[in-house]
Amino acid sequence: MAATTSILVLLKFYATKQNSPFILYSNFVDYMKRYAQHNVEEQPDLVQYLGNPDPAIERELAKLVESKQAAIIAPTK
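Residues numbered from 1 in each chain as written. Predicted model: local features only at pLDDT ≥ 70, side-chain atom pairs only at ≥ 80, totals over all residues. Heavy atoms only, no water.

Student: For the packing of helix α1 (residues 7–18) against helix α3 (residues 54–66), give the residues involved together with the corresponding values.
Tutor: A packed helix pair is summarised by two numbers, namely the angle formed by the two axes and the spacing between the axes. At a closest axis distance of 10 Å, the pairing of α1 and α3 adopts a crossing angle of 90°. Taken as axis vectors, α1 and α3 run roughly perpendicular relative to one another. Contacts between α1 and α3 involve Ile 7, Leu 8 and Leu 11 from the former and Ile 57, Glu 60, Leu 61 and Leu 64 from the latter. Taken together, the residues of the contact of α1 with α3 sort by class into six nonpolar, no polar and one charged. (Axes fitted to C-alpha atoms, helices over the stretch in contact; angles between N-to-C directions. Helix = DSSP H or I, 4+ residues; strand = E, 2+ residues; numbered from the N terminus. Parallel < 35°, antiparallel > 145°, perpendicular 65-115°, else oblique. Contact = heavy atoms within 4.5 Å. Nonpolar A, V, L, I, M, F, W, Y, C, P; charged D, E, K, R; others polar.)

Written out as structure tokens, the structure reads:
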């Protein structure tokens, strides 16, 4: 797969890889860190996902939720 900076594409790829439409946020954040580290030279926009990617991921997820392309479901206790 060629490097991409589209969070939607990466989210779909990760969910497919996990064989589940539901993913744990913390696992996806770890995946994004590794993906960015591996592909940052090819796609400099990925630098926002290095270090602490939470703010960048949260912004992108909020856009996806607003456009109804994703949903955030909080686990129940």
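Once you've had a look at it, read on.
Student: Let's hear about unusual backbone geometry: which residues, and what values?
Tutor: Of note, the phi angle at Asn 19 is positive, near 60°, even though the residue is not glycine. Mapped onto the elements of the fold, Asn 19 is located in the loop between α1 and α2 (25–39). Look at Asn 19 and you get exposed, because its relative accessible area is 71%. The phi dihedral of Lys 68 is positive, around 60°, even though this residue is not glycine. (Buried < 20%, exposed > 50% of the residue type's maximum accessible area, 1.4 Å probe, protein only.)

Student: Tell me about the environment of Tyr 25, and please be specific about residues and values.
Tutor: In this fold, Tyr 25 is placed in helix α2. With a relative accessible area of 32%, Tyr 25 lands in the partly exposed category. For the pair Tyr 25 and Arg 59, spaced 34 residues apart in sequence, the C-alpha separation works out to 13 Å. With near-sequence residues (within four places) excluded, Tyr 25 lies in contact with Asp 54, Ile 57, Glu 58 and Leu 61. Within the local environment of Tyr 25, its side chain forms a polar contact with the side chain of Asp 54, the two groups lying 2.9 Å apart. (Polar contact = N/O pair within 3.5 Å; in protein donor to acceptor, adjacent residues only side chain to side chain.)

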